[in-house]
Amino acid sequence: MRRLAKVGLLTGALLLVAAPAYAQQDGPTLEALELNVLVVFLMVATVLVFIMHAGFAMLEAGMTRQKNAGNIVGKNLMTITLGIITYYAVGWALMYGTQVGGVVGTDMFFLRGGSYEPDALLEIDFAFQAMFAATAATIVSGAVAERMRFGAYLTVAVVMTAVIYPVVGAWTWGGGWLDQLGFVDFAGSTIVHLTGGVAGLVGAAALGARIGKFDAAGKPRAIPGHSMPLAALGVLLLFFGWFGFNGGSVLALDGQAIAGVLVTTALAASGGAVTAALLTRLTNGKYDVAMIGNGILAGLVGITAGADVLSNGAALLVGLVAGLLVTASVSFVDSIRIDDPVGAISVHGTCGVLGTLWVGLFHVDDGLFTGGGPALLGVQVVSVAAVIAWVALTSAILFGALKALGQLRADPDWELEGLDLHEHGVPGYPELVFGAGTPSTDTRPARELSADRTDGRTEA
Amino acid sequence: MRRLAKVGLLTGALLLVAAPAYAQQDGPTLEALELNVLVVFLMVATVLVFIMHAGFAMLEAGMTRQKNAGNIVGKNLMTITLGIITYYAVGWALMYGTQVGGVVGTDMFFLRGGSYEPDALLEIDFAFQAMFAATAATIVSGAVAERMRFGAYLTVAVVMTAVIYPVVGAWTWGGGWLDQLGFVDFAGSTIVHLTGGVAGLVGAAALGARIGKFDAAGKPRAIPGHSMPLAALGVLLLFFGWFGFNGGSVLALDGQAIAGVLVTTALAASGGAVTAALLTRLTNGKYDVAMIGNGILAGLVGITAGADVLSNGAALLVGLVAGLLVTASVSFVDSIRIDDPVGAISVHGTCGVLGTLWVGLFHVDDGLFTGGGPALLGVQVVSVAAVIAWVALTSAILFGALKALGQLRADPDWELEGLDLHEHGVPGYPELVFGAGTPSTDTRPARELSADRTDGRTEA
Amino acid sequence: MRRLAKVGLLTGALLLVAAPAYAQQDGPTLEALELNVLVVFLMVATVLVFIMHAGFAMLEAGMTRQKNAGNIVGKNLMTITLGIITYYAVGWALMYGTQVGGVVGTDMFFLRGGSYEPDALLEIDFAFQAMFAATAATIVSGAVAERMRFGAYLTVAVVMTAVIYPVVGAWTWGGGWLDQLGFVDFAGSTIVHLTGGVAGLVGAAALGARIGKFDAAGKPRAIPGHSMPLAALGVLLLFFGWFGFNGGSVLALDGQAIAGVLVTTALAASGGAVTAALLTRLTNGKYDVAMIGNGILAGLVGITAGADVLSNGAALLVGLVAGLLVTASVSFVDSIRIDDPVGAISVHGTCGVLGTLWVGLFHVDDGLFTGGGPALLGVQVVSVAAVIAWVALTSAILFGALKALGQLRADPDWELEGLDLHEHGVPGYPELVFGAGTPSTDTRPARELSADRTDGRTEA
Amino acid sequence: MKLITAIVKPTKLEAIKDALEAHGVAGLTVTDVRGYGRQRGHTEIYRGAQYTVEFVPKVKLELLADVLDVDGIVDAIVEHARTGEVGDGKVFVSDVDRVVRIRTGEEDRDAL
Amino acid sequence: MKLITAIVKPTKLEAIKDALEAHGVAGLTVTDVRGYGRQRGHTEIYRGAQYTVEFVPKVKLELLADVLDVDGIVDAIVEHARTGEVGDGKVFVSDVDRVVRIRTGEEDRDAL
Amino acid sequence: MKLITAIVKPTKLEAIKDALEAHGVAGLTVTDVRGYGRQRGHTEIYRGAQYTVEFVPKVKLELLADVLDVDGIVDAIVEHARTGEVGDGKVFVSDVDRVVRIRTGEEDRDAL
Ligand SMILES: Nc1ncnc2c1ncn2[C@@H]1O[C@H](COP(=O)(O)OP(=O)(O)O)[C@@H](O)[C@H]1O
Ligand SMILES: Nc1ncnc2c1ncn2[C@@H]1O[C@H](COP(=O)(O)OP(=O)(O)O)[C@@H](O)[C@H]1O
Ligand SMILES: Nc1ncnc2c1ncn2[C@@H]1O[C@H](COP(=O)(O)OP(=O)(O)O)[C@@H](O)[C@H]1O
């Protein structure tokens, strides 16, 4: 029987079936209700962060060429799924298990054992945080797009979600040494985004540029993505999901904090769009839609560290600055001959730093510009440096090893003809490559087919 | 440290960190919990209304030509972001600030000052309502698609969210003169949709038709959109978001009302699809998928004014009627030589009127056909007229000024070659225009590239 | 006036307006709050299941050819809308009305009369379950894609949501004979997915294969879908929605159950991706992205029956197995010359059986392998058989009748040229078929148009 | 050397290619084109307005061949492209001065 | 028999087709092509980097015609394709040995 | 006047165009085509079933040139299109009666 019943019955009856111990212990008390509502709130946040992976998939597909469209979405499908399994098996344990020396957790592999009994909060917390881990990994996929081998990428996704990101998490959200220093990173400008951005930078550097990205003189050439509608859809899905990314990071049924975070998040994203639009209009005479998309994401990364401790004004401002910074950073990355097809390094790396330092400057209580002195800013700088060092080191080893094994970069002809064909056997858009209606399948003799339709046509 | 803790600890500990004053004041009381849950409910509604902007982006992109695909999604990205900033700075104040004469608010610019202290409810209410403001603006972008300058559109989006929509809002939801008359518009058939539809009509009229829309004899020619899958995705994202648009408009933790609204919303949308499908099948012999999409949206607009005060039967009926009406209206708009590429005027304008008057006819208590007499219907008619007058007047001034300045319409050759190229520098689908794999980038001498792949190929 | 007010005022004031009786009866009690929160929770679940229809639309469109893209999304638009109306009028009554002999309900047509008064729980439950009914129907549309007439499909969608699915539902969730036997199917591996999969199989068999699917020797030929990005978006939207499909099926504000269900759901989906990826890599040397997508969905279907009664380990395992099974099943279906363009039979049918039996094997308390003996497994087997028998029989009658009437299959030339053109009059991507910029509309004499733009171009 | 060009219905491409292969043709080149001819396009209704498509999707085959093979190839194409319905298309033959195979530099017959 | 080939601006296709129809032309075939010529492409900025498009979208018309009709058709195309701006394109004429209508097997003039 | 047609690998287009530009060629027209030849397509597995692509994406260049320039241009194309692998494609030359530049009405050499 599956029907909603009157609440009294329901709470009793169904809970007894589903989780007897739990139901007994909690009863229809305010505390029990609050806990249950908290789970619902985090369910909402979890699914919102989840859908960011569709956002990344669409953004990255839209901003790369059609010959690699199947490959890039394949990477996204694998990142979220492999990421969940890896984080379940290992990542959570390193991040939230009982710590050794404030550096790394040591128990709770497969969510078992350790300091927590499996319960509602552990489970929902895991679900929410697994989506974050996969986010850190998927950022890399944008920076290394269109030239990295699929198998190598899977390795990177596993190591990111098993080790690189969880260790950063252990130092910070897990209560490790940076947390003890007083590091403030609400939803992960540094912990998630900068981590992904740095790994992306190392990956892009190790891989080298796509064929044709730089001309003989080393001047960057634009390689526009194949579908602006998909890219825009990706940006909007990311923006949508970010409300859960930041909102859910309140991690408590605290309406005041949740509401505040949603507003600062919306304002910062909006600021990023506006300055990116105006700047490209002023410098090139045209509104660069792809850069507007990057501006929105830059604003979102910029607010992530301080969404709960910045005023609305400071939030709008960090968005406006992020929109400018990302535009400059994209050109800078080009100028040092790093090829980042979707701007992941600038959006997540550069603006991740911005967002983290911004907290040191504008924290409502402890910011340098809000009368809090330089202490917090100092902690933020140290933490950013520590995270960059760790991620750069480990990802250099990782990408270095893959390169040494000859497993990192796709063969040039794979790259020229498209990774779809060589890694997956079929193009992302087969009919654009091989002609519409493939296979052209009218192999039966004409008389077996009914006569070709002539309705609505006249013989001249 | 960022982990969910047992609830007791949690409520205490985290709240103390995040918002000490708040935690002290509220404690773990039923009232505090209710408030917090209300914020979560409105968070859900807010993100749902937000994602309608992805719906509009996909719908409008899908229903216009590929040469303008980047332009149209660029407009959508800017509408929601500019709209949030403008509504934050000005729009909210005019709509909900302390009113002068029941006509317009005068304080609370940048959400500061005025009758409310910044608190959870103000913030979440702002977030929710900012999405509505941007919706009113984005409706215009569909009606003016494929021929309006980007800069001019940005101006329109700003004025819509800063003034035109907020004043309508002030008269109604803000407690102004129409509200005092007794005007009933639950979630905005008139306030949001008709406002957008009228501005779209004025804009489309001021711009004139796209080149080629009408033949030499003035007969309308269909200009099909370039992607039915994107259009359908847009419709479904809009339908999805509408559950938040209407559901959230309950603005209270009232399960009875919320559940009822979700059901009436679903039934009306469904009704719209069915009559649009059948009508096109009966009149043209073929099911017009684009019109089915318009039918769904028409049903949604039609139920919006009365989602909480119509019976399920009346809801289904308004949807069925809306599906017919929108089909007729699209042809009518064509017949008066107004070019509305996506049907925005018919969906949001015509069916906005339908939905508003429907409340006067079928309001469970006060409808003309439900024994309530003609009073409510009278108020609805007056209110619709007032809103049309205000929006028509102000948007005529706005579009008229842009036209007078020569800033309104794109040059004919921009329009013919596509706005993407001329306004943004790069087509929305570069490889469909300039060939796959652009730039064709095999510039290294052949010996540097590994030999072309021959696996799986045989030399004859 | 539409503003959030302080909670005290609000609960009183707004509730009194919206639903006086309700407000009086409930007051600000814990029970009332719990009921209201339950509605919000189910609203979240409802909208998530709703968006699965966008997932199906994108998946099915992406995995079929561009000439049928409008047709397939048109089917999806009609399935959800027709489905809601039909389930409202008839389906709910058969499923949840007062039963006759444990077989079928007999009252509550149009949600009226019967054992429940219309109230918040009935309404939200209906909304949630209507989305399920439409899901069972839409599964069919994938299996019969690219060759079935639109009108015939509408008939099938109506019969599925009016009768075939509701009767299965009556036997099980409605409290009928299978429920009384002790059948366990948490969120519908059998009730929803197998039902859809069996009807899809019957439909595909009745229709015959698409022209060109099998060569002269009967060997299957791949007909790749036209857009991997759309297919991947579909998969991710389905995964997203499945959190509501399974999470919402807890049907109670039980945080423990909800959190657990989300985790098992995520793990199973992830397992499906991983084995599908590895298996295709091992057998073909290439990662098959479309099969990875199928693997995710297979894992989701596999966990659906037991999401609340499987350990995390058993959940991951069922996903891993589902990823293998779906890959084998797709080949098997091909080998018996059934043409299932999107793999619906394998994903929903085969893995629906897997998931249902898995409960018999691994149910935390009653599974064969967890010390519960064979009783539950027996019930599961019987139930699966009963559902297959009912659905196969009724859908054979349905498809048989349509075939006998000559209304089932599209004419060969419709099929060859694309259903879009013949059923809907316009291709899903008109500019890919008829050239960009259709109609080419520069019909005014050259002098009327401003000179072609020459900025940025030089005369040699 | 001759160039044979055929404009045919897209659904006939596979059958023609198979026939030519059986006929010993070693290569050909295909282009998606749109044709205007006796076979009129469609007039449909889209969102209430008339939608006239005057061009019909076709496929163009280009085939370099030795003079001696031309007639056989033309006949094979005509046979396998024919449905008997209006719009079956055209085959035409024109002269080519010189053909080079890029890979080897071979010319004319040897280049095919 | 002659083959007239015209490479023109896409926006001119409809006007040319209408003119040719008025001129009694019964059929033609259209291909989307990209041209490189005196009309340079664009140099734009996309995400901060230079984006040079050296090819401009054009449309190619191919038209089989009787020798006697060639000049009139060429003139009609030139007239309706002209904007006077660089990039208007080319028309060229070449010789065709033989034309077959697939549907009927008719040849040459009768095949048009 | 002559028409030079080349069917080449898409990745070679840019190099060929640069070489021809250096060679003084003022214009050319490019079409996306699919080729069937000695370079076989792929046989892949997609969702468990065999997926045979018999056509390979190629690019067709068409180039009107004066008789005197033909050999140099053909050589330049052959040189820059060659990878030495099967599938490099063909170049062929045919005769053109007349070329008109639409913008000006100039003919033949002057029309290029
Ligand atoms: N004079 C022509 N020049 C070039 N192509 C032509 C000509 N006439 C017809 N075609 C091409 O042949 C196709 C079929 O021609 P049509 O007149 O419709 O039928 P049929 O060849 O059966 O008489 C057209 O769609 C067009 O592509
Ligand atoms: N030599 C040539 N061979 C083939 N096509 C050419 C040649 N020169 C120009 N074209 C085509 O004609 C188009 C227009 O040529 P262009 O030189 O830009 O302008 P115009 O014809 O007005 O002088 C080009 O885009 C190209 O498609
Ligand atoms: N007889 C032919 N007529 C027209 N095009 C041909 C012919 N033979 C080959 N081609 C074109 O040339 C391309 C390359 O030919 P192929 O035989 O694969 O390699 P190669 O030219 O190196 O021998 C083919 O893909 C096809 O487009």
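Scope of this entry: the structure provided in the associated data block. Just so you know, these numbers come straight off a predicted model, no measurement behind them. The residue numbers shown here count from 1 along each chain, following its written sequence. Both sets of labels track the order of writing: A upward for chains, 1 upward for ligands. In keeping with the model being predicted, local features are shown solely for residues with a pLDDT of at least 70 and side-chain atom pairs are shown and tallied solely at 80 or more, while totals for entire chains, interfaces and linings include all residues. Hydrogen atoms and water are omitted, and side-chain values are computed over all heavy atoms in the structure.

With respect to the overall build of chain A
Keep this limit in mind: Each helix is a run of DSSP H or I of at least 4 residues and each strand a run of E of at least 2, with the numbering of both proceeding from the N terminus. Only protein chains enter the accessibility calculation, which uses a 1.4 Å probe; a residue whose area is less than 20% of its type maximum is buried, one above 50% is exposed, and one in between is partly exposed. What makes two residues a contact is simply this: any of their non-hydrogen atoms within 4.5 Å. Under the convention used here, a 1.4 Å probe and the Shrake-Rupley method define accessible areas, while residue burial counts only the protein chains that appear.
Broken down by element type, chain A carries 17 helices and 2 strands. Across the 460 residues in chain A, those meeting the buried criterion constitute 72%. Partitioning the intrachain contacts of chain A with sequence separation of at least 6 by distance along the chain shows that 74% fall at a separation of at least 24. Roughly 12,000 Å² of accessible area belongs to chain A as shown, and the carbon and sulfur atoms make up 66% of that amount.

Some points on the interface of chain D and chain B
Our working definition: Buried area, as used here, totals the accessible surface that two parts lose on assembly, with accessibility defined by a 1.4 Å probe and the loss added over both. Put simply, a salt bridge is a Lys or Arg side-chain nitrogen that is within 4 Å of an Asp or Glu carboxyl oxygen. In the analysis that follows, any N or O atom pair within 3.5 Å is treated as a polar contact, provided that within protein one partner can donate a hydrogen and the other can accept it, and provided that, for residues neighboring in sequence, both atoms belong to side chains.
Each partner contributes residues to the interface: chain D has 9 residues there, and chain B has 24 residues. The three residues of chain D that bury the most area against chain B are D:Y46, D:R47 and D:Q50, which together make up 61% of that side's buried surface. On the surface where chain D and chain B come into contact, there are 1 salt bridge. Where B:K286 meets D:E44, a salt bridge forms, and the shortest distance between an N and an O atom there is 3.0 Å. For the pair chain D and chain B, the number of links is 6 residue pairs in polar contact (both at pLDDT 80 or more).

Focus: the interface of chain B and chain C
How we decide: Residue polarity follows a fixed list, in which Ala, Val, Leu, Ile, Met, Phe, Trp, Tyr, Cys and Pro are nonpolar, Asp, Glu, Lys and Arg are charged, and the others, Gly among them, are polar.
The partner chain C presents 85 residues to the 91 residues of chain B that form the contact. Both faces combined, the contact of chain B with chain C buries some 7,200 Å², and carbon together with sulfur accounts for 71% of it. Where chain B touches chain C, the interface holds 0 salt bridges. When residues of the side of chain B that touches chain C are traced back to their parent elements, those giving at least two are α3 (30-62), α4 (69-96), α5 (120-143), α9 (228-247), α10 (255-284), α11 (289-304), α12 (312-335) and α15 (412-417) of chain B. Taken together, the residues that form the side of chain B that touches chain C break down as 58 nonpolar, 21 polar and 12 charged.

Looking at the site of ligand 1
Here is the rule we go by: Any residue with a heavy atom lying within 4 Å of a molecule or strand is counted as near it.
Close to ligand 1 lie 20 residues; D:R38, D:Q39, E:T29, E:L64 and E:R101 are nearest. Near ligand 1, the surrounding residues belong to chains D and E. In the model, an oxygen atom of ligand 1 is placed 3.4 Å from a nitrogen or oxygen of the D:G89 main chain. E:R103 places a polar side-chain atom, nitrogen or oxygen, 2.8 Å from an oxygen atom of ligand 1. Considering ligand 1 on its own, with 550 Å² of exposed area, one finds that the protein chains cover 98% of that surface. Split by residue class, the shell around ligand 1 holds 6 nonpolar, 7 polar and 7 charged.

Points about the site of ligand 3
Around ligand 3, a shell composed of 21 residues is seen, among which D:T29, D:L64, D:R101, D:R103 and F:R38 lie nearest. Separating an oxygen atom of ligand 3 from a side-chain N or O atom of D:T29 is a distance of 2.8 Å. Contact between ligand 3 and D:R103: an oxygen atom at 2.7 Å from a side-chain N or O atom of the residue. When isolated, ligand 3 has an accessible area of 550 Å², and the protein chains bury 99% of it. Contributing elements (two or more residues each) for the shell around ligand 3: β2 (28-36) and β5 (56-65) of chain D together with β2 (28-36) of chain F.

Brief notes about the packing of helix α3 (residues 30-62) of chain C against helix α5 (residues 120-143) of chain C
Residues and elements named next belong to chain C. Short version of the rule: Axis definition: a line fitted to C-alpha atoms, over the contacting stretch in the case of helices. Angles run 0 to 180 degrees between N-to-C directions. Angle categories: roughly parallel below 35 degrees, roughly antiparallel above 145, roughly perpendicular from 65 to 115, and oblique for all the rest. The crossing is said to be left-handed when, going from far helix to near helix, the turn is anticlockwise and less than a right angle, and right-handed when the turn is clockwise.
In the contact formed by α3 and α5, the axes pass within 9 Å of each other and the chain directions differ by 15 degrees. When the axes of α3 and α5 are compared, the pair comes out roughly parallel. In this structure, α3 meets α5 at a crossing whose hand is left-handed. Tallied by class, the residues present in the contact of α3 with α5 amount to 18 nonpolar, 6 polar and 1 charged.

Points about the relation of the copies chain B and chain C
Heads up, the rule is: For the least-squares superposition of copies, only C-alpha atoms count, and only for residues with pLDDT at least 70 in both.
Taken as rigid bodies, chain B and chain C are interconverted by a rotation of 120 degrees and an axial shift of 0.0 Å, the fit giving an RMSD of 0.0 Å. Such a turn and shift between the copies fits a three-fold axis. Looking at chain B, a mere 15% of its interface residues are interface residues in chain C too, so the copies touch through different faces.

Digging into unusual backbone geometry
All names here are of chain C. You will see that M108, though not glycine, has its phi angle at about 75 degrees, which is positive. Considering the arrangement of structural elements, one finds M108 in the loop between β2 (104-105) and α5. A relative accessible area of 1% places M108 in the buried class.

Focus: the nonpolar core
Formally: By nonpolar core is meant a set of buried Ala, Val, Leu, Ile, Met, Phe, Trp, Tyr and Cys residues that side-chain atoms within 4.5 Å join together.
Ranked by internal contacts, the top residues of the largest apolar core, which has 500 residues, are A:Y165, B:Y165 and C:Y165. Setting aside chain neighbours within four positions, we find B:Y165 in contact with B:Y87, B:M95, B:F132, B:A133, B:A136, B:M160, B:W173, B:I191, B:V192 and B:T195.

Observations regarding helix α6 (residues 150-171) of chain A
The test is simple: For a helix, the expected span equals 1.5 Å multiplied by the number of residues minus one. What the bend at a residue measures is the angle between two axes, fitted to the seven residues ending there and to the seven starting there.
Between its first and last C-alpha atoms α6(A) spans 30 Å; for 22 residues at 1.5 Å apiece the expected length is 32 Å, and the two agree. The largest bend in α6(A) is about 50 degrees, located at A:M160.

These results come straight from atomic positions and should not be treated as a statement about function.
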